[in-house]
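# Summary of structural features
So the chains spell out like this:
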Amino acid sequence: MKALEGRQISFSYAGGKTLFSQVNVHVKNGECVILRGPSGSGKTTLCNILAGIIPRSISGELRGDVLLFGENLRTLSLATVVQKVGILFQNPDSQLFFPTVEDEIAFGPENLCLSREEIGLRIEQALDTVQMGSYRLMETETLSHGQKQRIALAAVLALQPQILILDEAFSQLDTGSTHLVKGIIRQQKELGHAIFMVENSEEHLHLVDRVYELQDGQTREVVL
Amino acid sequence: MTAAIALSDLVFRYGRGNFILSCPHLPFAQGELSLITGPNGSGKTTLSKLMCGILRPAQGEVRLFGRSAATLSLGEIGGQIGYLFQDPSRQLFAGTVWKEMTFASDLLGEEQTSSAEKALELLERFGLAALKERSVYYLSGGEKQRLAICTILMGGAKFLILDEPTVGLDRKNREILYGILDDLLAEGRGLAVITHENELIERFSRARRIKLENGQVTP
Amino acid sequence: MKKADPRVKLLWVLLCTTGALVFFRPLWMAGLALFSFLGTFYFGAHLQLLMGRLRRFLPLLVVILLIHVLFVQTGTPLLVIRDYPIVTSHGLRRGAITLMRFFVILCSAAVMAAENSRRVLAALNKLKIPYLFSFMLMIALRFIPSFSASFSDSIIALQLRGVELRKIPWRKRLRMYGHLLLPVVADAVVKSRVLAMVMEARGFGAFSKRTSFLDVSMTPCDWVLIGALFGLGIAAFGAYYLFG
């Protein structure tokens, strides 16, 4: 089944030229797909569209449909969307804004009005997944870059999405942290979750089932 | 020959935390590329900032072209040592590409014709001449980086320190960057590049490797 | 040292800062300064740390004090130069009051800085302050150091282009600082955009209400303190109004 599907997506920012046109991408359950392309081709924009951030938070002219497990994203509430698809951005410093690790991971579940007991459980599970259980009460400022990105990932996982979008999530990580995050991705795949990654490095291809290339406003699937 | 940068028995301590960086005798020569590697949080950026006088050590000495960094202002250091931030946006503030290139010389009241000639030459060399009138905020990541390097070279720096220059660059801009590094070395400038990327390390496999682990420098 | 509920601290800060604005008598201000100082100990604030961080503003404080001292001409002249009173008793008094006022504000800031901002958010939530407002305030305070670092990087980058700041004429320097603020503003715009995206991606605004994982609850000791602070506040301001 297609967990995430973008059908005939065309987009231009307000007052700008068309960034891409009639783009088709999809990710199945348990699949990991990479999107590559030159700088400025619209990879991050496409990620934001697939996660529903565009047009909700960022305006522009969007045509086409995004389907999450067959349901059109436009018809889904924010609460439903964030429990189906989670997105991790490149810079962890921009994604952490609470004093402690626990506060950071609790933010998402709090927004969904989950009970305190459930929130506590999700914090524990998310920290176990990223192997940072002992950091629960630490200040986020004292963490290294790689640790921050893992906490940002834990904050996303606390919402238990079945689709993960990773927008150049490895680019600022060292080898050790990259290895750990790759392990988490592998684990998510084994759980049957769908992974959509934006990466230009060739180092991550062994994780990947399919590759899309976004160039000159069009996508094409590339044979590995 | 005098080392461009010479670190001697450095100890640096961050104010609040327990992090301590220590470095034994470590020289950096001109015409040589040094790769400063290590995991996130090991102190690479701290070391690079100590090397160019942005940070001052608690103990030990930093000498720049034979002179103690403690006796030099950042302005004096800047004429010899250049620093490229991981985010080049932080060092671009003049509005357009051309204004960026002439910003420092305008402030210093330098002779306009010669600085304009030098600026144009650098922009042409780095493929930015066609973008002279473009706002720096509309440049791509790779273009910003090249412009930041140009502004450093306008100051006459003979040794450049680059902090994670490949982060966020696509394949095409990475290749351009590698070419720039080769050219700068060929001109006899010294380079120290902070990186955690295997690809860059493999590309410059003959470069000197300086490893950092938990604030300890291993030359 | 006992961890007081953030609402107790908020009330204490409100009393101190209101007193700092209202009191114009030296003895009353001295009493308030002492009260503030003792409060920093009780609430476990790191006053010394904060004073260390604000050391760079000391010249500005000195200038403000001098303005207060030198521009008040009433009272007994204490320092006269060529029949012109430079320092008067009223001027000194005004300077002392200003200094103590700054000290009270510093103590209040130290107390709030030592508190976990999430606990403050939870406390404001309990006081029915809309979460959005208190969250915005927390975020703004959190990002100030990062913008300060961004500005600092710009100044460093400019100097490392071979520019000696002290050799730049003042008029050009002001224009230069204006330019250096551009990356800070650009950084702020980018950060706020990403922050909005991250918040929404984690479901912020999905429902009109939200749970607070962190719970702050008042202990009997906190209630006693609240009562005492209220009583003290009413007595102090009442007495100042009637007899001050």
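Quantities reported herein were computed from a predicted structural model and do not represent experimental measurements. (Residues numbered from 1 in each chain as written. Chains lettered and ligands numbered in written order. Predicted model: local features only at pLDDT ≥ 70, side-chain atom pairs only at ≥ 80, totals over all residues.)

## Brief notes about the overall build of chain A
On a plain count of helices and strands, chain A comes out with 7 helices and 10 strands. Here the C-alpha radius of gyration of chain A, 17 Å, is about what a compact globule of 224 residues would show, namely 17 Å. Each principal axis of the C-alpha distribution contributes one length, and for chain A these read about 45 × 35 × 35 Å. Looking at chain A as a whole, 51% of its 224 residues qualify as buried. Residue pairs at least 24 apart in sequence account for 71% of intrachain contacts in chain A once pairs closer than 6 positions are excluded. (Helix = DSSP H or I, 4+ residues; strand = E, 2+ residues; numbered from the N terminus. Rg over C-alpha atoms; globule rule 2.2 N^0.38 Å. Buried ≥ 20, exposed ≤ 12 C-beta atoms within 10 Å, placed from the backbone. Contact = placed C-beta atoms within 7 Å.)

## Notes on the overall build of chain C
Along the backbone of chain C there are 9 helices and 2 strands. For chain C, the α and β elements follow one another from N to C terminus as α-α-α-α-β-β-α-α-α-α-α. At 23 Å, chain C has a C-alpha radius of gyration far larger than the 18 Å of a compact globule built from 244 residues. Reported as C-alpha extents along the three principal axes, the dimensions of chain C are approximately 70 × 60 × 30 Å. A total of 244 residues make up chain C; the buried ones form 27% of that total. Considering only contacts in chain C between residues 6 or more positions apart, those separated by 24 or more positions represent 73%.

## Remarks on the interface of chain A and chain C
The interface of chain A with chain C comprises 31 residues on the first partner and 24 residues on the second. Elements that contribute at least two residues to the side of chain A that touches chain C include exactly helix H2 (53-56), helix H3 (78-84), strand S6 (85-88), helix H4 (101-111) and helix H5 (116-129) of chain A. For the side of chain A that touches chain C, the element with the highest residue contribution is H4 of chain A, accounting for 6 residues. Here the side of chain A that touches chain C is built from residues that sort into 18 nonpolar, 9 polar and 4 charged. (Nonpolar A, V, L, I, M, F, W, Y, C, P; charged D, E, K, R; others polar.)

## Focus on the sheet that holds strand S5 (residues 71-72) of chain A
All names here are of chain A. What the 4 strands build is an open sheet, ordered S2-S1-S4-S5; its pairing is antiparallel. Edge positions in the sheet fall to strand S2 (18-28) and S5, since each of these pairs with one other strand and no more. Sheet analysis places strand S4 (residues 61-68) next to S5, joined by 2 bridges and oriented antiparallel. Across the sheet, residue Leu68 finds its bridge partner in S5, namely Glu71. Across the face of the sheet, helix H1 (residues 43-50) comes into contact with strand S1 (2-12), S2 and S4 while running at roughly 125 degrees to S1. (Pairing = 2+ DSSP bridges. Axes fitted to C-alpha atoms, helices over the stretch in contact; angles between N-to-C directions.)

## Looking at the nonpolar core
Within the largest apolar cluster, 74 residues are counted, with the highest numbers of intra-cluster contacts made by Ala154 and Ile165 of chain A. No other element matches helix H6 (residues 145-157) of chain A, which puts 7 residues into this core. Filtering out sequence-adjacent residues up to four positions away, Ile165 of chain A remains in contact with Cys47, Leu50, Ala51, Val85, Ile87 and Phe196 of chain A. Among the nonpolar cores identified, the runner-up in size contains 66 residues, and Leu21, Ala69, Phe103 and Leu184 of chain B belong to it. (Core = buried A, V, L, I, M, F, W, Y, C linked by C-beta atoms within 7 Å.)

## Topic: the environment of Ser10 of chain A
Residues and elements named next belong to chain A. Mapped onto the elements, Ser10 comes out in strand S1. By the C-beta count within 10 Å, which is 15 here, Ser10 ends up partly exposed. Sequence separation of Ser10 and Phe20 is 10 residues, and the distance between their C-alpha atoms is 5.4 Å. Residues contacting Ser10, with those up to four places away along its chain left out, are Thr18, Phe20, Ser21, Gln22, Arg63 and Gly64.

## Remarks on the interface of chain C and chain B
Taken together, the contact pairs 20 residues of chain C with 27 residues of chain B. Elements supplying a minimum of two residues to the side of chain C that touches chain B: helix H7 (131-159) and helix H8 (170-201) of chain C. With 7 residues, the top contributor of residues to the side of chain C that touches chain B is H8 of chain C. Residues belonging to the side of chain C that touches chain B are distributed by class as follows: 11 nonpolar, 5 polar and 4 charged.

## Details of the sheet that holds strand S8 (residues 194-198) of chain A
Residue and element names in this part refer to chain A. If you trace the 6 strands from one edge of the open sheet to the other, you get S6-S7-S8-S3-S9-S10, paired in mixed fashion. In this open sheet, the two edge strands, each paired with only one partner strand, are S6 and strand S10 (218-222). Across the sheet, the mean angle separating the axes of adjacent strands is 20 degrees when strand polarity is ignored. Note: strand S3 (residues 32-36) against S8, 4 bridges, orientation parallel. Each residue of the ladder has a partner; that of Leu35, found in S8, is Val198.

## Notes on the domain arrangement of chain C
One widely used convention gives an interface's size as the accessible area the parts lose upon coming together. Assigned domains within chain C: domain 1 (1-115 + 216-244) and domain 2 (128-213). Between the C-alpha centres of domain 1 of chain C and domain 2 of chain C there is a distance of 30 Å. (Domains from an automatic or database assignment.)

## Structural notes on the pairing of strand S4 (residues 33-37) of chain B
Residue and element names in this part refer to chain B. Both S4 and strand S9 (residues 190-194) contribute to a ladder of 4 bridges, which runs parallel. Paired with Leu33 across the two strands is Leu191, which belongs to S9. Pairing geometry for S4 and strand S10 (residues 208-213), over 4 bridges, is parallel. Bridge pairing links Thr37 to Lys211 in S10.

## So, the environment of Glu164 of chain B
Residue and element names in this part refer to chain B. For Glu164, the position within the fold is in the loop between strand S8 (159-163) and helix H6 (171-186). Take Glu164: there are 22 C-beta atoms within 10 Å of it, and that puts it in the buried class. Between the C-alpha atom of Glu164 and that of Gly31, which follows or precedes it by 133 residues, the distance is 20 Å.

## Structural notes on the packing of H7 of chain C against H8 of chain C
All names here are of chain C. Two numbers describe how H7 lies on H8: the axes approach to 9 Å, and their chain directions differ by 145 degrees. Where H7 crosses over H8, the handedness of that crossing is right-handed. Where H7 abuts H8, its residues Ile139, Phe143, Phe147, Ser150, Phe151, Ser154, Ile155 and Leu158 lie against Leu180, Leu181, Pro183, Val184, Asp187, Ala188, Lys191 and Leu195. Considered class by class, the residues forming the contact of H7 with H8 number 12 nonpolar, 2 polar and 2 charged. (Left-handed = near helix turned anticlockwise from the far one by under 90°.)

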